[in-house]
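What follows is each chain in one-letter form.
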Amino acid sequence: MRKRAVIISAAAVVVALSAVAVVPKAVENSVPVTETLRASVREYSETVCGSGSVSFVGQNEITSSLPLVLDKFLVNIGDEINVGEEIAVVDKKSSEALIKSLGQVKALAIPAASLETAVAMIPESISSDCNGKVVATVPCGTAIQSGSSIASVSQSEQLSVSAAISELEIAKISLGQKARITLSAYPESVFTGTVSEIAQTARKRYSGSVLETVVDVSIIFDRADERLKSGLSADVEIELGEPRKICVVPYAAVGQDDNGEYVCVYEDGKAVRRDIKTGAEFSDGTEVVSGIDGNEILLKEPDKITNKSNIRIDE
């Protein structure tokens with residue numbers, strides 16, 4: 001009996017030791033595993049964006065309040081013209097057909113009792129209402145809608161961008177601010193310019209299906225470039241101040257709850273919550289204005305580990 005008891009006790013010891021070895025492994029497996037992330041420091045300038053087109057400084061558009069078809073131009077691109085000078089002959093027969101095809105007076109940009117009255121108002125020719133050099137004309141024979149440009153006349157050889165800025169942003173814009181300009185024709189190139197004029201009146205325009213209020217801002221190019229041409233489409237970024245260094249953290253490191261936004265910092269094997277205040281947003285992360293200094297090790301998906309005292313790092 002004594003020998004058997006000894007054998008049983010030895011077996012019990014083996015089982016007990018095995019259990020002791022399993023417990024730490026089970027505890028380790030229950031500790032959350034996460035990845036670490038790092039903040040990045042970069043230079044950033046707050047900007048206001050807008051879109052428009054390239055034109056000559058002081059460029060004016062000669063328009064007609066009636067839809068018209070032109071027979072021929074009496075001037076060429078590059079000619080100097082004066083106020084009152086005839087620049088084009090109107091094709092009255094084609095213009096009459098164009099007006100009647102509209103079918104309603106409200107399609108005209110001029111008060112008229114009827115389409116017949118509008119037809120009677122078709123001019124023999126178009127005269128210039130400004131002095132300058134002809135820089136662009138529409139093709140003869142094409143239908144010109146009410147208010148559309150017939151010819152562009154410039155008083156300067158210098159080019160600028162006229163960009164539409166949302167009324168919600170216009171208060172941030174002032175003369176002399178620097179701007180970066182990209183052209184649809186040369187998407188890989190960045191041109192620079194300076195805000196030279198802010199329109200005194202706002203206007204309405206459609207952005208897709210949304211009607212918005214904008215203010216036109218003129219930006220003069222800093223230097224001439226043979227690639228620049230009047231009429232090219234342009235996007236602008238107007239810089240509101242000098243570049244500054246900012247701390248940017250990946251979106252995956254930012255959590256949010258009823259108390260606001262936060263991150264989890266890895267300290268001594270633990271997840272330590274830090275409440276943060278965010279600023280500018282980018283494609284790869286958000287600016288952190290306060291809460292961290294940018295040197296800490298951040299934990300991914302903080303909402304899953306914020307209440308855990310101990311964590312494991314996925315190597």
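All values reported here derive from a predicted model rather than from experimental measurement.

Q: Whenever I open this one, the environment of Asp-293 confuses me. Can you help?
A: The residue Asp-293 is located in the loop between β23 (285–290) and β24 (298–299) in this model. Owing to a relative accessible area of 52%, Asp-293 belongs among the exposed residues under this scheme. Spatially, the C-alpha atoms of Asp-293 and Ile-246 are 10.0 Å apart, while their sequence positions differ by 47 residues. At 2.8 Å, the side chain of Asp-293 forms a polar contact with the backbone nitrogen of Asn-295.

Q: When you look at the sheet that holds strand β14 (residues 178–183) in this model, what are you seeing that I'm missing?
A: Whether parallel or antiparallel, the strands of a sheet pair through hydrogen bonds between backbone atoms. If you walk around this closed barrel you meet the six strands as β4-β13-β16-β15-β14-β17, and the pairing is antiparallel. Within this sheet the neighbouring strands show an average axis-to-axis angle of 45 degrees, counted without direction. Relative to strand β13 (residues 159–166), strand β4 (residues 47–56) runs antiparallel, the two being bridged by six bridges. In the strand pairing of β13, Gly-52 is matched with Ala-163.

Q: Explanation requested: the side chain of Ser-45 in the structure shown.
A: Mapped onto the elements, Ser-45 comes out in the loop between β3 (40–44) and β4. Look past the residues within four positions of Ser-45 in its chain and what remains in contact with it is Gly-241, Glu-242 and Pro-243.

Q: Would you mind going over the pairing of strand β6 (residues 68–73) with me for this structure?
A: Remark: a regular strand shows side chains that alternate across the two faces of the sheet. In this sheet, strand β11 (residues 143–144) lies alongside β6 in antiparallel orientation, the contact comprising two bridges. Residue Leu-68 lies in a different strand from β11, and its bridge partner there is Ile-144. Note: β6 against strand β8 (residues 86–90), three bridges, orientation antiparallel. Within the sheet, the bridge partner assigned to Lys-72 lies in β8 and is Val-89.

Q: Even after reading the chapter, I still don't get the pairing of β13, so can you show me in this structure?
A: In terms of burial, β13 is a largely internal element, six of the eight residues being buried. One ladder, built from seven bridges, connects β13 with strand β16 (residues 210–221); its direction is antiparallel. Within the sheet, the bridge partner assigned to Ser-160 lies in β16 and is Ile-220.

Q: For this particular structure, what's the right way to read the packing of aromatic side chains?
A: Each aromatic ring pair is summarised here by two numbers: the centre-to-centre distance and the angle between the ring planes. Tallied over the entire structure, the rule returns two aromatic pairs. The interplanar angle of 90 degrees and the centroid separation of 5.3 Å between the aromatic rings of Tyr-44 and Phe-282 together place this pair among those described as edge-to-face. Of this pair, Tyr-44 sits in strand β3 while Phe-282 sits in strand β22 (residues 277–282), and the two are 238 residues apart along the sequence. Measuring from ring centre to ring centre gives 6.2 Å for Phe-191 and Phe-221, while their planes differ by 90 degrees; the resulting arrangement is edge-to-face. Pair noted here: Phe-191 is in strand β15 (residues 186–207) and Phe-221 is in strand β16, with a separation of 30 residues, a long-range link. Of the two residues, Phe-191 and Phe-221, both sit in the buried class. Over the face of the ring belonging to Tyr-186 we find Arg-227, whose NZ or CZ atom lies 5.4 Å from the ring centre. When the ring centre of Tyr-262 is taken as reference, the NZ or CZ atom of Arg-273 above it lies at 4.0 Å.

Q: What is the right way to look at the sheet that holds strand β18 (residues 244–249) in this model?
A: If you trace the four strands from one edge of the open sheet to the other, you get β3-β18-β23-β22, paired in antiparallel fashion. The open sheet has two edge strands with one neighbour each: β3 and β22. The sheet shows a mean angle of 45 degrees between the axes of neighbouring strands, direction not considered. Alignment of β18 against β23, held across two bridges, turns out to be antiparallel. Looking at the pairing, Val-249 lines up with Thr-286 of β23.

Q: What is the right way to read the layout of surface pockets from this model?
A: Once rolled over the atoms, a probe with the size of a water molecule shows which space is left empty. By volume, the largest pocket amounts to about 220 Å³. Taken together, 13 residues form the lining of the largest pocket, with Ser-55, Phe-56, Gly-58, Gln-59 and Ser-218 sitting closest to its centre. Secondary-structure elements contributing two or more residues to the lining of the largest pocket are β4, β13, β15 and β16. With three residues, the top contributor of residues to the lining of the largest pocket is β4. Among the residues forming the lining of the largest pocket, the class breakdown is three nonpolar, eight polar and two charged.

The rules we used
- Residues numbered from 1 in each chain as written.
- Predicted model: local features only at pLDDT ≥ 70, side-chain atom pairs only at ≥ 80, totals over all residues.
- Heavy atoms only, no water.
- Helix = DSSP H or I, 4+ residues; strand = E, 2+ residues; numbered from the N terminus.
- Buried < 20%, exposed > 50% of the residue type's maximum accessible area, 1.4 Å probe, protein only.
- Polar contact = N/O pair within 3.5 Å; in protein donor to acceptor, adjacent residues only side chain to side chain.
- Pairing = 2+ DSSP bridges.
- Axes fitted to C-alpha atoms, helices over the stretch in contact; angles between N-to-C directions.
- Contact = heavy atoms within 4.5 Å.
- Phe/Tyr/Trp six-rings, centres within 6.5 Å; stacked < 30°, edge-to-face > 60°.
- Lys NZ or Arg CZ within 6 Å of the ring centre and 35° of its normal.
- 1 Å grid on protein atoms, 1.4 Å probe; cavity = no way out; pocket = protein on both sides within 12 Å on 5 of 7 lines; lining within 4 Å.
- Points joined across faces, edges and corners; volume = space filled by probe spheres on them.
- Nonpolar A, V, L, I, M, F, W, Y, C, P; charged D, E, K, R; others polar.

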